[in-house]
Amino acid sequence: MRDANQKPTGLVAVGRDLTERRQFETQLIRSEKLAALGVLAGGIAHEVRNPLAVVSSAAQLLLEGRLDSATRRVCEEKIHQNVQRASGVIENLLRFARQSDRGERLLLDLAAVARDAADRIANQFKLSRVELALEFPSCAVPIRGTSGLLQQPVMNLLLNAANSMPETGGRVTLRVSVHPPHAVLQVVDTGCGIPTADLPKVFDPFFTTMPVGKGTGLGLSICYSITKQHGGGIDIASEPDQETVVTVRLPLDTGPGSGEVSP
């Protein structure tokens, strides 16, 4: 408080008890964690139960022992395929859950990592009649990381883009560029886009818009986890019936020796 000459004459202090508000915030966070855990548990149950149902049915037929050789062979193949499918779900879940790096952090060229990942799935693009365009800088893009680990999000993003294409095919562009202090990797597709209401949920575990049996909903969650492990970030810009742009930003390594990167 000040007088007419603006000299301080007193002090007014207002206090507010925030105990109840803090308790409410704690309860809200706990509720959100429980809701996320429920979604996770439901996703695991759904993705594992489906292949187990097929395995159980095929095993029951085999146990009856009245099958011809051709039907018996089909049952055996169904059991093997669905056990592999369930194993894949569990492996992807473990990748998502592991927050520690697997392997030594080396000086890498992000463009080389992206090129290797694209080469691994090039045949799938050809079968899907999807054109894959690569746009890389002429110089190395130095980052620190684990090559095998970083290839996983690149492949996941490319396959997601290919799966979003109509049956007539389309075009996916894999682009690497430098925007200090970041190395930037982008995947741009001409697919069907993502509904606005779904954008906030795309990184949630087991969230997928794919038909049953054609996606576990863990791909983008794994991309997010691996990117965060390497000190980076990932975001998606998309609208229905418009191109989708996924941007991954990783810290550039500009320290001594950054001119010599591992292949």
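My aim in this report is to walk through the structure given alongside it, one point at a time. (Residues numbered from 1 in each chain as written. Predicted model: local features only at pLDDT ≥ 70, side-chain atom pairs only at ≥ 80, totals over all residues. Heavy atoms only, no water.)

A closer look at the packing of helix α5 (residues 147–163) against helix α6 (residues 219–229)
Here comes step 1: Where α5 meets α6, the closest approach of the two axes is 9 Å, and the angle between their N-to-C directions is 145 degrees. Crossing of α5 against α6: the hand is left-handed. Residues Leu149, Leu150, Gln152, Pro153, Asn156, Leu157 and Asn160 of α5 form the contact with α6, whose own contacting residues are Gly219, Leu220, Ile222, Cys223, Ile226 and Gln229.
Here comes step 2: Of the residues contributing to the contact of α5 with α6, the split by class is eight nonpolar, five polar and no charged. (Axes fitted to C-alpha atoms, helices over the stretch in contact; angles between N-to-C directions. Helix = DSSP H or I, 4+ residues; strand = E, 2+ residues; numbered from the N terminus. Left-handed = near helix turned anticlockwise from the far one by under 90°. Contact = heavy atoms within 4.5 Å. Nonpolar A, V, L, I, M, F, W, Y, C, P; charged D, E, K, R; others polar.)

Describing the pattern of salt bridges
Here comes step 1: Under the definition given, this model contains 10 salt bridges.
Here comes step 2: Residue Arg66 pairs with Glu64 through a salt bridge whose shortest N-O separation is 4.0 Å.
Here comes step 3: Judged by its relative accessible area of 69%, Arg66 falls in the exposed class.
Here comes step 4: Residue Glu131 pairs with Arg171 through a salt bridge whose shortest N-O separation is 2.6 Å. (Salt bridge = Lys/Arg side-chain N within 4 Å of Asp/Glu carboxyl O. Buried < 20%, exposed > 50% of the residue type's maximum accessible area, 1.4 Å probe, protein only.)

Remarks on the packing of helix α3 (residues 110–120) against α5
Here comes step 1: For the pair α3 and α5, interaxial distance at closest approach is 9 Å and the crossing angle is 55 degrees. Classified by the interaxial angle, the pair formed by α3 and α5 is oblique. In this structure, α3 crosses over α5, and the sense of that crossing is right-handed. In contact with Val113, Ala114, Asp116, Ala117, Ala118 and Arg120 of α3, α5 contributes Ser147, Leu150, Gln151, Val154, Met155 and Leu158.
Here comes step 2: Tallied by class, residues from the contact of α3 with α5 come to eight nonpolar, two polar and two charged. (Parallel < 35°, antiparallel > 145°, perpendicular 65-115°, else oblique.)

Brief notes about the sheet that holds strand β7 (residues 244–251)
Here comes step 1: Spatially, β2-β4-β5-β7-β6 is the arrangement adopted by the five strands of the open sheet, whose pairing is mixed. Only two strands of the sheet have a single neighbouring strand rather than two, namely β2 (130–135) and β6 (233–237). Neighbour-to-neighbour, the strand axes of the sheet open up by a mean angle of 15 degrees, direction not taken into account.
Here comes step 2: As judged from the six bridges shared by β2 and strand β4 (residues 170–179), these two strands associate in the parallel manner. Opposite Val130, over in β4, you have Gly170 as the bridge partner.
Here comes step 3: Against the sheet, α3 makes contact with β2, β4, β5 (182–189) and β7, and its axis sits at roughly 165 degrees relative to β4, the strand it touches most.
Here comes step 4: Running over the sheet, α6 touches β6 and β7 and is turned about 140 degrees from β6. (Pairing = 2+ DSSP bridges.)

Some thoughts on empty space enclosed by the protein
Here comes step 1: One pass over the full model with this rule turns up two cavities of 30 Å³ or more.
Here comes step 2: Volume-wise, the largest cavity comes out at about 80 Å³.
Here comes step 3: Considering the residues around the largest cavity, the lining is formed by Leu110, Val113, Leu150, Pro153, Val154, Leu157, Leu185, Thr227, Val248 and Leu250.
Here comes step 4: Of all the elements in the fold, those that place two or more residues in the lining of the largest cavity are α3, α5 and β7.
Here comes step 5: The dominant element in the lining of the largest cavity, judged by the number of residues it contributes, is α5, at four residues.
Here comes step 6: Grouping the constituent residues of the lining of the largest cavity by class yields nine nonpolar, one polar and no charged. (1 Å grid on protein atoms, 1.4 Å probe; cavity = no way out; pocket = protein on both sides within 12 Å on 5 of 7 lines; lining within 4 Å. Points joined across faces, edges and corners; volume = space filled by probe spheres on them.)

Remarks on the nonpolar core
Here comes step 1: Membership of the largest hydrophobic core comes to 41 residues, with the highest contact counts inside it found for Leu158, Leu174 and Leu185.
Here comes step 2: Listed by contribution, the elements that provide at least two residues to this core are α3, α5, β4, β5, α6, β6 and β7.
Here comes step 3: If one sorts the elements of this core by residue count, α5 sits on top with eight residues. (Core = buried A, V, L, I, M, F, W, Y, C linked by side-chain atoms within 4.5 Å.)

What to know about the environment of Val12
Here comes step 1: Note that Val12 resides in the segment before α1 (19–64).
Here comes step 2: When the C-alpha atoms of Val12 and Met1 are compared, they prove to be 7.2 Å apart, with 11 residues separating the residues in sequence.

Concerning the pairing of β4
Here comes step 1: In this sheet, β5 lies alongside β4 in antiparallel orientation, the contact comprising eight bridges. Considered in β5, the bridge of Val178 is made with Ala183.
Here comes step 2: The hairpin formed by β4 and β5 contains two residues between the paired strands.

Description of α3
Here comes step 1: Listed in full, the buried residues belonging to α3 are Leu110, Ala111, Val113, Ala114, Ala117 and Ala118. What you see down the axis of α3 is that its buried residues fit within an arc of 160 degrees, all on one side. Opposite its buried face, α3 presents the exposed residues Asp119 and Arg120, each directed more than 90 degrees away.
Here comes step 2: The opening residue of α3, the one whose side-chain oxygen lies 3.1 Å from the backbone nitrogen of Ala111, is Asp109. (Arc of directions from axis to C-beta. Polar contact = N/O pair within 3.5 Å; in protein donor to acceptor, adjacent residues only side chain to side chain.)

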